[in-house]
Amino acid sequence: MNVQHLRRRFFLGTASGLGAVVAAWLALKGQASRKLPDEQQPRRVAKPTERSCIFVFLVGGPSQFDLYENKPALSHRHGEELPVSLIHNERFSFIGKEPKKILGTKREFRRYGQSGLEVSELLPHLSGRANQLAYIRSLYTDEFEHHAAQLLMQTGASRGRSPSIGSWVLYGLGQETRDIPDYVVLWSGESLSFSSDLWDQGFLPSRCKGVLLGSGTKLSPFIDSPIGFSGEVQDATVRSVAALNDIRYRDTGDGRIAERTAAYEAAARLQLAAPELVNTFREPKHIIDGYGLNDPVTRGFGRSCLLARRLVERGCRFVTLFHSNWDHHRNVHTEVERRAKEIDRPLATLLADLEATGLAASTVVVCTGEFGRTPVGQNVLDPAHLQGRDHHRHAFPAWLAGAGVAAGNVVGITDEFGWRPVEGGHHIRDFHATLLALLGLDHRALEAESSGRPFQLASDEAQVIPELMA
Amino acid sequence: MLSWMDGTSCRRLAATLVVVSVCACLASAQSPASREYRSVDSMISEVLAEQEMTPAGKASRGELLRRVHLDLTGLLPSVEDCEAAESGWNFERTVDRLLSSPHFGERWGQHWLDLVVYADSDGFAYDATRPAAWRYRDWVIAAFNADMEFGDFTFLQLAGDLTGVHQEAIPTGFLRNARDNKDGGVDPEEARHRRQVERVTTIGFAWLGQKLACAECHDHPEESISQAEFTQLLAYLEPIDEAERAVDSDQQATLLQQQRERHRLVRKMADREATLKEGFAAWVHKRTPEPRSPMATQEPLRQDYGTEDWWRAGTAVFGGLFTIVGIVLRSRGMLACAMVVWTGAIGVWPTFGTDAAAASRPDDMLGEKEGPGSDREKLWKEYLGCDPQHRFCRAEMARIDARISTIPSFLAVSESDRHPIVTVRVNGNYEVLGERVRPALPEVWEDLAISPTDRKGFAEWLASRDNIAVSRHFVNWVWTRLLGEPLSNDESDPDARRLRRRVLHRLVDEFVRHGRSPKWLIRTIVLSDAYQRSSVERSSESDAAKRRSFLGRQNRWRLDGEAVRDVTLQLSGTLLPEVGGESVRPPLPPGFDDVTYETWKPQTGALLNRRSVYLFKKRSLANPFLTAFDLPAGTEAVAVRPETNSATQALAGLNSPELFDATRLWASRIVESRREPSARIETAFLQLLARRPTSAEARVVRESLERFGALFSVHAGAGQGADVAAWTGVCRVLLNTDEGLTRN
């Protein structure tokens, strides 16, 4: 892992010199746009060292008690008050001074796979992939407000403009593809509450920034040439820009000019690659159906999942799928069901598809939210009729699948109410360290300087969670 | 050690004496400011001599003309300017003309707004808009244009509300730039605390160049102030009150009249409601059947009934237990509200829109509750809505509220009677309380004989002529904006650092002596030799030599997105010259606003051709074009923006529809003005680059012109249309060249 890091450092050191820039530019020049794999051709099987990550982020804090965490105590003691010892001095977002009453779930749970992982009836497809999952019950975070907690999960810091985890990975692993962005952000579900600082590169080089693929099919808002200026015209434009820049470079000797020309050529290649990337029509029928693209309920998230697979297939390093909204202060029973329907089948298909194409050997898939939800219920208008759950930071789950993951392992135990971990509790910085380790990076070595001080995604005290790693 | 005896030192001594005497003359005789830059130059020549460096030669007239136009106004010189410069060169007059241009304030105001994290919205997930924020932006622009003394400029932003002049509170909009977290569930006091932290951090960065972010949470070994001292600074701001808005002094009478009108309506509505209340009680009573058997005999209700379940339950399970007494239809023909009577209780079942899941469950209707949010309350609202007189009053009220909201106003602060005592938050954790502290300056800042106890005092301290650290930071910031590198740079070798600092200290002394006039400072730097040197790097120099010799040459940097956009609009001839006014919302790419709470309502028409500093700055919806060109995220202060190259940026430069439209207009202007291809090429180069093309460049342009012509003739045929199309292609190339995007 340290070797990876040193190699990266060395690369950064030399690339900043003028010679390297020009060399890189010349290497890029004249190189034809790489032909992307067609659906009919055999799929590329990545080497295990070239790893990618698909981070499924369920925005708003999904209710673990209705999806994975079977806590019979909640149903038996539904309506009773939670022991005061647990909630002494506890701050909630919405629950006020009213009695903290336990809210049971309506869901049936069953055990799946060899590990006997418990999954609720809301995830019938995903439960079929239980053997592929490594599951941790006992993550905890510091924040219980959305934005701060989302930042903490995605950037390792709840304030300020810190690099996102995808940016750190890109920084650590280096650039892989030349035709498509190495770090892509996709979102689906309700329009909602998250902002671009969740995929910002912070003080890292700007190439490490995530590229947001909007709700439509555009890789960038400026991916299309003006009408009449695409194809050969765009090609001629970029060539002329390069020719004039060449003259200028000879006159001034400024290496940034070569860098700019390279950026324009990369832009032209991106324009050529983008339509093929987002064109899913040639996918076989079982793939289209499996991701649920023909069903209005699953279409949005299913498309994100399919694009994620197509991206990692083409060498993309990091894809974050945001899905919203899981913030169920009201009607938690019906709402979680609705959201679960949107993600269940596409997620199961994604895992199966990665397995079938061999990409699972090089791709890590993770799924979690910024925090979990309370075992106590809330009803803003009427405390007597509990409708929803508040934000909960002391214990919430995540699962991982794919390359290097200890499939079938279940980590951590929480108390009978799922309030806090009893065993195997891990701060989310441990989760970050583990994710980096799975991608071949050492969280202690992966650091960058800003304002003369070193920064890391996960501090030195973070520990890799060994039970999650094969 | 004995070097003062050798020749170099003697020369240096002589030079210093000359400088000192020149300065003394200037100070006493009030001679024209035009001569003062010479002292900067002699200081720098001295430094270069000491380091045995030969400075770069002077930039060409065209390069210099373009440079100074971009630096002072963010716009390009006209072809006439270029031609005039070729025949007769009066740089000083050009500089004075630019300094008195209203666009000067727009350019430098934009830089200042980066430093104080200005935006037209609150930030965070909810990111509500701030319709009056632009008043502060306009004040900054006006202050730069008026060459406001830097002390006044400072004081008014921190404590303008305490001068007793109502309108002088506008600059305290500075304190309202802090981001405001209005997301659901956020503790308002904690959100306020975060705003205060941002304010102190921004003050520290903008006025003193110190990053205090670490001190918010802990005592940092590399930080000059402790956490307790950071909290002491927070205490200065503790009493500030952040009103929704402040109405301009000349609008107070209008506001008062509207408020009176509103009050009258409120009373009238209350009277009407009292009358209706009696009718309502009778109405409800008449429609309520006798209570039936208790619910216990029925199947228990599930908590997750959806719409369908509910109807089925109503007819099948509880058949006969309730009757629908009325259905109120709202606009768009959607069933909005069904009122039911259920075993004697009244239930209102609102199903706004199609979101069945948001509807109340049947068991919510079982109790006849009173008070806000109760079913009876909802029913009462519906009942009121049916009364024409009440409806009329409400419509009238809405009209008055709309009128009140459009009364010109601004965002400002005022002083409340909150005690200026703040609790240290241990490790920056809001929940863990430490010691309580009163306002005081950090130890390292206590170099003056002032120890302010309140915000006004703190502002006076910061603005004081004797606060050299503040002046030094401003001078260094202005220098960096004009030469691309700071005069005080901690990372350089100690020798160079000492020499640079010497230049900085001299410049600061003179800045203070000249009444801390920003325009004097900018003029002095721009007229110095250092500014006017060529920015061409000589490849023969070693890296180390390049680093040290920065005083001996200019730097080149890519234009910010605002300048790229403004320049393109300027070339198209459509840029609006008006200064100030409300922020403008340009159209955004489709689907781009999907991730935000508020829908983006774009404007149309000529307004969109305003300068970029007037573009609406919504933090969660940063303009995609400007973002591609390194627009700061609006979360923290930025002294100098980073300069990056990326494929996304190239795509924005090539494909932005707004820029493309402007490019086409520029092309048609070129085609209309000249006939000969070579004359057209020359015009294009003069307009964009303030110079004529070299023969090699002209050849490349002619070739691409032919290529575009051939490609377009397929569709457009020959004639002016094809000409404009081909020229649009060429203009697009030129705008995207390195030189087109660079301030040289």
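Let me sum up the structure you'll find in this document. Just so you know, these numbers come straight off a predicted model, no measurement behind them.

Concerning empty space enclosed by the protein
- By volume, the largest cavity amounts to about 280 Å³.
- Surrounding the largest cavity, 23 residues form its lining, Tyr118, Glu562, Lys617, Leu631 and Pro632 of chain B being those nearest its centre.
- Among the elements that make up the lining of the largest cavity, the one with the highest residue count is helix H6 (residues 102-115) of chain B (3 residues).
- Tallied by class, residues from the lining of the largest cavity come to 13 nonpolar, 4 polar and 6 charged.
- Here the second largest cavity defines a volume of roughly 90 Å³.
- Lining of the second largest cavity is provided by 13 residues; of these, Pro62, Tyr68, Thr368, Gly369 and Pro397 of chain A occupy positions nearest its centre.
- Sorting the residues of the lining of the second largest cavity by element identifies strand S8 (363-369) and strand S11 (396-402) of chain A as the ones contributing at least two each.
- The leading source of residues in the lining of the second largest cavity is S11 of chain A, at 4 residues.
- Among the residues forming the lining of the second largest cavity, the class breakdown is 9 nonpolar, 4 polar and no charged.

What to know about the interface of chain B and chain A
- Facing the 85 residues of chain B at the interface are 69 residues of chain A.
- At the boundary of chain B and chain A, one finds 4 salt bridges.
- Here Glu232 of chain A ties to Arg707 of chain B by a salt bridge, and the two come within 3.4 Å at their closest N and O atoms.
- Summed over the shared surface of chain B and chain A, the number is 10 residue pairs in polar contact (both at pLDDT 80 or more).
- Elements that contribute at least two residues to the side of chain B that touches chain A include exactly helix H9 (188-208), helix H22 (624-628), helix H23 (647-655), helix H24 (657-673), helix H26 (695-716) and helix H27 (720-736) of chain B.
- Residues that form the side of chain B that touches chain A fall into these classes: 34 nonpolar, 26 polar and 25 charged.

Considerations on the side chain of Arg314 of chain A
- Tracing the sequence through the fold places Arg314 of chain A in the loop between helix H11 (299-313) and strand S7 (318-324).
- A polar atom in the side chain of Arg314 of chain A sits 2.9 Å from the backbone oxygen of Arg310 of chain A.

Topic: helix H4 (residues 79-87) of chain B
Residues and elements named next belong to chain B.
- Within H4, the full set of buried residues consists of Val79, Cys82 and Ala85. Projected down its long axis, H4 shows its buried positions confined to an angular sector of 125°, all on one face. Exposed positions of H4 whose direction lies more than 90 degrees from the buried face are Glu80 and Ser87.
- Close packing links the buried residues of H4 with helix H3 (61-73) and helix H25 (677-689).

Digging into the side chain of Asp630 of chain B
Residues and elements named next belong to chain B.
- Mapped onto the secondary structure, Asp630 falls in the loop between H22 and H23.
- The class for Asp630 is buried, based on a relative accessible area of 11%.
- A polar contact is formed between the side chain of Asp630 and the side chain of Arg558, at a distance of 3.1 Å.
- Leave out the neighbours within four places in its chain, and Asp630 touches Arg558, Arg641, Pro642, Glu643, Thr644 and Gln649.

Digging into the packing of aromatic side chains
All names here are of chain A.
- Applying the stated criterion across every chain, the model contains 33 aromatic pairs over all chains.
- Ring centres of Phe57 and Phe322 lie 5.6 Å apart, and the angle between their planes is 85°; on these two criteria the pair is classed as edge-to-face. You can see Phe57 sitting in strand S1 (residues 52-58) and its partner Phe322 sitting in strand S7, a full 265 residues away along the chain.
- Given a relative accessible area of 0%, Phe57 falls into the buried group.
- Exposure remark for Phe322: the relative accessible area of 1% places this residue in the buried category.

Observations concerning the pattern of salt bridges
Residue and element names in this part refer to chain B.
- Taken as a whole, this structure holds 67 salt bridges over all chains when the rule is applied.
- As a salt-bridge pair, Asp81 and Arg97 come within 3.8 Å of each other at their nearest N and O atoms. Here Asp81, found in helix H4, pairs with Arg97, found in helix H5 (residues 91-99); they are 16 residues apart in sequence, far enough to count as distant.
- You can call Arg97 partly exposed: its relative accessible area is 40%.
- Put simply, Arg418 and Glu189 hold a salt bridge, and the shortest N to O gap is 3.0 Å. With Arg418 in the loop between strand S7 (414-415) and strand S8 (422-425) and Glu189 in helix H9, the pair connects residues that are 229 residues apart, well separated along the chain.
- Through salt bridges with shared partners, a single network forms among Asp122, Arg130, Asp180, Lys182, Arg192, Arg195, Arg199 and Glu242.

Analysis parameters
- Along each chain, residues carry numbers from 1 onward, in the same order as the chain's sequence is written.
- Throughout, the order in which chains and ligands are written sets their labels, letters from A for the former and numbers from 1 for the latter.
- Per-residue local features are limited, in this predicted model, to residues with pLDDT of at least 70; the limit for side-chain atom pairs, both in listing and counting, is 80 or more; totals at the level of whole chains, interfaces and linings are taken over all residues.
- Derived side-chain values reflect all non-hydrogen atoms in the structure, with water molecules and hydrogen atoms excluded from consideration.
- Cavities and pockets are found on a 1 Å grid laid over the protein atoms alone: a cavity is a set of points where a 1.4 Å probe fits but cannot escape, a pocket is an open set with protein on both sides within 12 Å along at least five of seven lines, and a lining residue has an atom within 4 Å of such a point.
- Grid points are joined across faces, edges and corners, and a volume is the space filled by probe spheres set on the points.
- Helix and strand definitions here come from DSSP, where helices need a minimum of 4 consecutive H or I residues and strands a minimum of 2 consecutive E residues; each element is numbered from the N-terminal end.
- Note on residue classes: Ala, Val, Leu, Ile, Met, Phe, Trp, Tyr, Cys and Pro are nonpolar, Asp, Glu, Lys and Arg are charged, and everything else, Gly too, is polar.
- Residues are treated as being in contact if the distance between any of their heavy atoms lies within 4.5 Å.
- The working definition used for a salt bridge is a side-chain nitrogen of Lys or Arg within 4 Å of a carboxyl oxygen of Asp or Glu.
- We call two N or O atoms a polar contact when they sit within 3.5 Å, provided that within protein one can donate a hydrogen and the other can accept it, with sequence-adjacent residues counted only if both atoms are side-chain atoms.
- A simple rule labels every residue: compare its accessible area, found with a 1.4 Å probe on the protein chains alone, to the largest value its type can have, and call it buried under 20%, exposed over 50%, or partly exposed in between.
- Working definition: the arc comes from the directions between the helix axis and the C-beta atoms, pointing outward to the latter.
- Between the rings of Phe, Tyr and Trp (Trp by its six-membered ring), a pair exists once the centres lie within 6.5 Å; its type follows the angle of the planes, with under 30 degrees stacked, over 60 edge-to-face, and the other angles tilted.

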